[in-house]
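Spelled out from the first residue to the last, the chains are:
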Amino acid sequence: MKISEWMEIEDKEGALLRVIERAKKNEFNEFITVNEGAALSEGGLKGLPVAIKDNISTRGIETTCASRILRGYVPPYDAHVVELLKNAGASIIGKTNMDEFAMGTTSETSYFGPVRNPWDKSRVAGGSSGGSAAAVAGGVVPASLGSDTGGSVRCPASFCGIVGLKPTYGAVSRYGLIAYANSLEQIGVFANTVEDAALIFNLIKGRDKRDATSMDSESVLPLREDVGKVRIGVPKEFFGEGVDEGVEREVWNAIKLMEDLGAEYEEISMNYMKYALPAYYIIAMSEASSNLARYDGIRYGLRFENDEDFETTISRIRAEGFGKEVKRRILLGTYALSKGYYGRYYLKALKVRRLIKEEFDRALKKFDVLTTPTMPFVAPKIGEIKDPLSLYMADVNTVPVNLAGVPAISVPCGFSEGLPVGLQLIGRRFGERRLLEIAKWYEDASNIRRLG
Amino acid sequence: MKVLIGLEVHVQLNKLKSKMFCSTPTNYHHAPPNTVVCPICLGLPGTMPTINRRAVESAVKVALALNAEIQERTMFYRKNYFYPDLPKGFQISQYDFPVGLNGYVIIDGDEGEKKVRIKRIHMEEDPGRLVHLGRIDKAKYTLIDYNRSGMPLLEIVTEPDMNSPKEARAFISKLRSILEYLDVFEGSLEGAMRVDANVSIEGGARVEIKNISSFKGVEKALSFEITRQKNLLRRGVQPKMETRHFDEAQEITVSLRVKEEESDYRYFPEPDLPPMDLSGWAEKLKAELPELPDARRERLIAQYRISVEHAKILTGERALADYFERVASQVSPKLAAAWISDVLKGELNYRDMSITECFPPEKMVELLKLLEEDMISDKAAVMIIRKMLDEGGDPREIMEREGLKKVKEDILPGVISSVIEENEKAVNDYLSGKKEAINYLVGQVMKKLRGRADASRVYELLERRLNEIDNNRKA
């Protein structure tokens, strides 16, 4: 469903009830909590049902990050983005399933079980914001919020055949987003169309004094039809080993289509991309090891009876509260920050990040957008990829964008093996408007089928 | 055996309106536990810190007052460790880019003036407060109060430049005085200043004493610890490198943990707080700095011609110096200096009162005027001060009510005559050479006058009369 279709519904109250019923069915295991009390409210969005990833704080609604350790935690405050949505009249329908603490690429690390892909329920929805993507792709809600630390919005958007926008770092306040890796992540938007994504993004963006890294940016609305001269850079490192033939074919078809529409493209080389994955994982895990230190069960979340001393008690809570992938990343991050290793790993990763950022800035001076496959392959079967390293490798095309802090969007560009393929368009820092306009221009011409 | 003492002083910037990284107020001191908190200072998931610019300004002012170099670029780091008073599992602190480096403070040392070097001054957030029931190593459970969590804190680290507990105390009082002059700190509030001390006897292992939370505690903890270490050395045992906890009630230090290696706090830059550019701040804030204790002391000496000792006492506390200056503008400054630093300060200390709780300077002026006009004796003045501190009231009114006004010179001869008549024995003692008997007679006169006369004048008159009697008898 598109947002415009919701706006035209006369009996919104009835429609909202049907949405809640549909959410409660949890067909794709996409919800962790359904907000049965969601009601219509006044405002421009007129009760638009929206789903929120379960790592974004919602006042009065349990927020778990799909982790056992946060069971029972009910935030006493709303995230900035939730405040803005509510003020605009949106109805928060529920909290969506995800990889535990957003650590994963398939939404299989959730304490609440994996999210299923609406195109094929035996397959993953992508991660980490799998539930938010499935809720839109499955037609439960017209729009949802996710978070993108290394591809967590774009990956599930690609696997589920919808639009997923990761804004510029700092464009949207992270206040209320439960941190995994602060210096990399952004709250992002899922919708069926670029226009809908733009509408929600425009609503949630802007400076918030509670997030010192947030900034104001120009409005992206209305998206202009005339995009003028479009110059596209095609970095060949994003089409390397591991990218499926079908994915490569569909992405090139998209580039050719844009060329037919009048765009110019050029193949380029970005030399530092090969260092992006290790740099990304070192920074993300290091920050995560510190961010997740607060979960000790003392003030909220999982707690057992019969406490012993402090150390025994928190060791037990953390041992039983965190899943395997989370523990792996805490351990690796702790190691990377340790004395004697900090310079070798963390500081080096920061240097790589700076080089990658500069490389993106150079390329984006010349081109309006860079185009790449969002994911190297289509949605795998649930349980198909077991080796963590192979999963980390799947993020190869999305993580450089987070290191550079630039905005990127995944739009459906075709099908391989009957499953959706996503095209990643990467834009300039705070250049969301141009990025969205080009994405819409492509979307209108390509006319790829949606499920929801 | 030379003793080396270095201090790490934690100072709460408790005069600021809000906490270090959120807008929660700082006036938690009389609030029930865990009521002066918000999601940010409780470290709830999803919250983010933002810098209280006023706190940074205060930190820069303190660094300037401690003669430190202000760093142009300052940033916050995370200091990672697990402790139940730390709601985020890390403390936002500073590491590589603190506010100030390489300062110093001049103190009155054991052998005259002494420079104590300051290594660094950095900003951080206060953790919550743990309440142990009973001794820390024996408590059954611990209560946590997060009201203090997120309070703006400065850590001031000295070089090991102090050589005795007394010097450490002198440093602490000097520091407190500077902070109060800057109006960033109220030392009388609970937890306002906490000190960790590093002590070693030259060549030996360094022992860290934590949790010294009072001014007197610093001297006591250090004295205990130095004695403990000296006793060990005397028995041929080397003190271990360890962390000890100061038990304020028992005035002893208790071993907390033996340090085998330095703890690893895994410092890294706080990603949610962009670095701050402080260039230009130093010049701007330097211009706003108030007169500091040393400068004020010099000025008081020059302007009022008072003694160095009096000036030191008076400038030790900003409020005391303010009090003095208000009094000195209306009566003789020397008289004011003597009475405020020698008498009033002592009476206040005895009552555990601060100058801010004392009667207003106008009353002191009134009292000193009575003295200047020779209406009361010194003894009566002290009595009036005591009355005013204990019961309130006004000098002239107390003088009248208590009959403390000096009697007129012309009734003295009469009283002296009657005392001489009534105390034949003492008079004879005096006349037969026991000169000290006159003191008894002076006492009797003063008793009859209920202290309203000047004792030295009575002495003078009595002596004259007795000598007359002596001469008469001889004649």
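(A) Quick look at the overall build of chain B. When you go through chain B residue by residue, the secondary structure sums to 15 helices and 16 strands. Radius of gyration (C-alpha) of chain B: 29 Å, far over the 23 Å computed for a compact globule of 475 residues. Taking the principal axes of the C-alpha coordinates as reference, chain B spans close to 100 × 55 × 45 Å. Looking at the 475 residues of chain B, the share that counts as buried comes to 52%.

(B) Spatial organisation of the interface of chain A and chain B. Listed as interface residues are 37 residues of chain A and, on the opposing side, 33 residues of chain B. Interface of chain A and chain B: buried area, both sides summed, is about 2700 Å²; carbon and sulfur atoms make up 61% of it. Across the contact surface, chain A and chain B share one salt bridge. Among the salt bridges present, the one from Arg174 of chain A reaches Asp272 of chain B, with a minimum N-O distance of 3.0 Å. Where chain A touches chain B, the interface holds 14 residue pairs in polar contact (both at pLDDT 80 or more). At four residues, helix α8 (residues 276-291) of chain A tops the list of elements feeding residues into the side of chain A that touches chain B. Here the side of chain A that touches chain B is composed, by residue class, of 18 nonpolar, 10 polar and nine charged.

(C) Up close: the sheet that holds strand β15 (residues 268-269) of chain B. Across the sheet, which stays open at both edges, the three strands sit in the order β5-β4-β15 (chain B) with antiparallel pairing between neighbours. Bordering the open sheet on either side are β5 (90-93) and β15 of chain B, each of which pairs with just one other strand. Where strand β4 (residues 77-80) of chain B lies against β15 of chain B, two bridges are found, and the strand directions are antiparallel. Bridge assignment links Arg78 of chain B to a residue of β15 of chain B, and that residue is Phe268 of chain B. The strands touched by α8 of chain A within the sheet are β4, β5 and β15 of chain B, with β4 of chain B carrying the most contacts at an inclination of about 60°.

(D) Fine view of the confidence of the model for chain B. All names here are of chain B. This prediction gives chain B a mean pLDDT of 92; 98% of its residues lie at or above 70. Strand β14 (residues 252-258) is the least confidently modelled element of chain B, averaging 83 in pLDDT, while β5 averages 98, the highest of any element. Scored by ipTM, the complex comes to 0.96, with pTM at 0.89.

(E) Summary view of helix α9 (residues 310-321) of chain A. Residue and element names in this part refer to chain A. Between the first and last C-alpha of α9 there are 16 Å, a value that for 12 residues agrees with the 16 Å anticipated at 1.5 Å per step. Those residues of α9 lying buried are Phe310, Thr313, Ile314, Ile317, Arg318 and Gly321. The arc that holds the buried residues of α9, viewed along the axis, is 120°, so those residues lie on one side. Tucked into the core, α9 has its buried residues touching α10 (324-337).

(F) Structural view of the nonpolar core. Within the largest apolar cluster, 147 residues are counted, with the highest numbers of intra-cluster contacts made by Phe101, Leu145, Phe360 and Ile409 of chain A. For this core, the leading source of residues is α8 of chain A, giving nine residues. Counting residues in each nonpolar core, the second largest holds 64 residues, with Leu13, Ala63, Ala68 and Ala282 of chain B among its members.

(G) Just the environment of Lys216 of chain B, in detail. All names here are of chain B. With respect to the helices and strands, the residue Lys216 is situated in helix α3 (residues 215-234). For Lys216, a relative accessible area of 52% gives the class exposed. Taking the C-alpha atoms as reference points, Lys216 and Arg169, 47 residues apart in sequence, are found 7.6 Å from one another.

(H) Main features of the packing of helix α8 (residues 333-350) of chain B against helix α10 (residues 378-391) of chain B. Residue and element names in this part refer to chain B. Packing of α8 against α10 brings their axes to within 10 Å, and their N-to-C directions diverge by 40°. By the angle class used here, α8 and α10 are oblique. As for how α8 packs across α10, the hand of that crossing is right-handed. Contact residues: Trp339, Val343, Leu344, Glu347 and Leu348 in α8; Asp378, Ala381, Val382, Ile385, Arg386 and Leu389 in α10. In terms of residue class, the contact of α8 with α10 is built from eight nonpolar, no polar and three charged.

(I) Layout of helix α2 (residues 165-181) of chain B. All names here are of chain B. With 17 residues, α2 extends 24 Å from end C-alpha to end C-alpha; this agrees with the ideal 24 Å at 1.5 Å per step. Of all 17 residues in α2, 12 are buried; the element is thus mostly enclosed. Every buried residue of α2 is listed here: Pro165, Glu167, Ala168, Phe171, Ile172, Lys174, Leu175, Ser177, Ile178, Leu179, Glu180 and Tyr181.

(J) Broad picture of the sheet that holds strand β1 (residues 3-12) of chain B. Residue and element names in this part refer to chain B. Taken in spatial order, the nine strands of this open sheet run β2-β6-β7-β10-β1-β11-β12-β13-β14, and their pairing is mixed. In this open sheet, the two strands that pair with only one neighbour each are β2 (69-70) and β14. In the sheet, strand β11 (residues 193-201) pairs with strand β12 (residues 207-212) via four bridges, with the strands oriented antiparallel. Counted as the bridge partner of Val195 is Ile212 from β12. Strand contacts of α3: β1, β11, β12, β13 (242-247) and β14, with the helix running at about 20° to β11, the strand carrying the most contacts.

(K) Region of the structure containing unusual backbone geometry. Across the junction of Gly127 of chain A and Ser128 of chain A, the peptide omega takes the value 5°, indicating a cis bond. Mapped onto the elements of the fold, Ser128 of chain A is located in the loop between β5 (120-124) and α4 (130-137). Omega for the bond connecting Leu221 of chain A with Pro222 of chain A falls within 30 degrees of zero, at -10°, which places this linkage in the cis form. Within the secondary structure, Pro222 of chain A sits in the loop between α6 (194-204) and β9 (231-235). The backbone phi angle of Phe101 of chain A is positive, close to 55°, even though this residue is not glycine. Considering the arrangement of structural elements, one finds Phe101 of chain A in the loop between β3 (91-96) and β4 (116-117). Accessibility expressed as a relative area gives 2% for Phe101 of chain A, which makes it buried. Phi angles above zero are rare outside glycine, and Asn67 of chain B is one such case at about 60°.

(L) Highlighting the packing of aromatic side chains. Residue and element names in this part refer to chain A. Inspection of every chain in the model, using the stated rule, returns 24 aromatic pairs over all chains. Between Phe101 and Tyr295, the aromatic rings sit 5.1 Å apart at their centres with planes inclined by 45°, giving tilted as the arrangement. Of this pair, Phe101 sits in the loop between β3 and β4 while Tyr295 sits in the loop between α8 and α9, placing them 194 residues apart in sequence. In this structure Tyr295 comes out as buried when scored by relative accessible area, which is 3%. Here Phe101 and Phe322 contribute two aromatic rings whose centre-to-centre distance is 5.9 Å and whose plane-to-plane angle is 70°, an arrangement assigned as edge-to-face. With Phe101 in the loop between β3 and β4 and Phe322 in the loop between α9 and α10, this pair connects stretches of sequence that are 221 residues apart.

(M) Structural detail: the pairing of β5 of chain A. Residue and element names in this part refer to chain A. Of the pairings in the sheet, the one linking β4 to β5 comprises two bridges and is antiparallel in character. Residue pairing for β5: Arg116 is matched across the bridge by Val124. In textbook terms, the turn of a hairpin is the stretch between consecutive antiparallel strands, and for β4 and β5 this stretch comprises two residues.

(N) Quick look at empty space enclosed by the protein. The final tally for this structure, using the stated rule, is six cavities of 30 Å³ or more. Roughly 190 Å³ of internal volume is contained in the largest cavity. Lining the largest cavity are 24 residues, and of these Arg294 of chain A together with Thr47, Met48, Pro49 and Lys88 of chain B lie nearest its centre. Split by residue class, the lining of the largest cavity holds 13 nonpolar, five polar and six charged.

(O) Summary view of a nonpolar patch on the surface. Residue and element names in this part refer to chain B. A grouping of Leu133, Tyr141 and Leu143 is seen on the molecular surface, where their side chains present a nonpolar patch of about 300 Å² in accessible area. Along the chain, Leu143 falls in strand β9 (residues 142-145). The partly exposed category is assigned to Leu143, whose relative accessible area is 43%.

(P) How the structure looks around the side chain of Arg329 of chain A. Residues and elements named next belong to chain A. Its place among the elements puts Arg329 in helix α10. For Arg329, a relative accessible area of 3% puts it in the buried group. Those residues in contact with Arg329 that lie beyond four places of it in its chain are Met103, Gly104, Tyr180, Tyr281, Met285 and Tyr392.

(Q) Representation of the environment of Leu289 of chain B in the model. Residue and element names in this part refer to chain B. Within the element layout of this structure, Leu289 appears in the loop between α4 (281-288) and α5 (293-304). With 107 residues separating them in the primary sequence, Leu289 and Leu182 have C-alpha atoms 7.1 Å apart. When sequence neighbours within four positions are dropped, the list of residues in contact with Leu289 reads Lys61, Leu64, Ala65 and Leu182.

Rules and cut-offs
- Residues numbered from 1 in each chain as written.
- Chains lettered and ligands numbered in written order.
- Predicted model: local features only at pLDDT ≥ 70, side-chain atom pairs only at ≥ 80, totals over all residues.
- Heavy atoms only, no water.
- Helix = DSSP H or I, 4+ residues; strand = E, 2+ residues; numbered from the N terminus.
- Rg over C-alpha atoms; globule rule 2.2 N^0.38 Å.
- Buried < 20%, exposed > 50% of the residue type's maximum accessible area, 1.4 Å probe, protein only.
- Contact = heavy atoms within 4.5 Å.
- Buried area = accessible area lost by both parts, 1.4 Å probe.
- Salt bridge = Lys/Arg side-chain N within 4 Å of Asp/Glu carboxyl O.
- Polar contact = N/O pair within 3.5 Å; in protein donor to acceptor, adjacent residues only side chain to side chain.
- Nonpolar A, V, L, I, M, F, W, Y, C, P; charged D, E, K, R; others polar.
- Pairing = 2+ DSSP bridges.
- Axes fitted to C-alpha atoms, helices over the stretch in contact; angles between N-to-C directions.
- pLDDT = per-residue confidence, 0-100.
- Expected span 1.5 Å × (residues − 1).
- Arc of directions from axis to C-beta.
- Core = buried A, V, L, I, M, F, W, Y, C linked by side-chain atoms within 4.5 Å.
- Parallel < 35°, antiparallel > 145°, perpendicular 65-115°, else oblique.
- Left-handed = near helix turned anticlockwise from the far one by under 90°.
- Phe/Tyr/Trp six-rings, centres within 6.5 Å; stacked < 30°, edge-to-face > 60°.
- 1 Å grid on protein atoms, 1.4 Å probe; cavity = no way out; pocket = protein on both sides within 12 Å on 5 of 7 lines; lining within 4 Å.
- Points joined across faces, edges and corners; volume = space filled by probe spheres on them.
- Patch = residues over 30% accessible without salt bridge, like charges linked within 9 Å, V, L, I, M, F, W, Y side chains within 5 Å.
- Areas by Shrake-Rupley, 256 points an atom, 1.4 Å probe, with all protein chains shown as cover.

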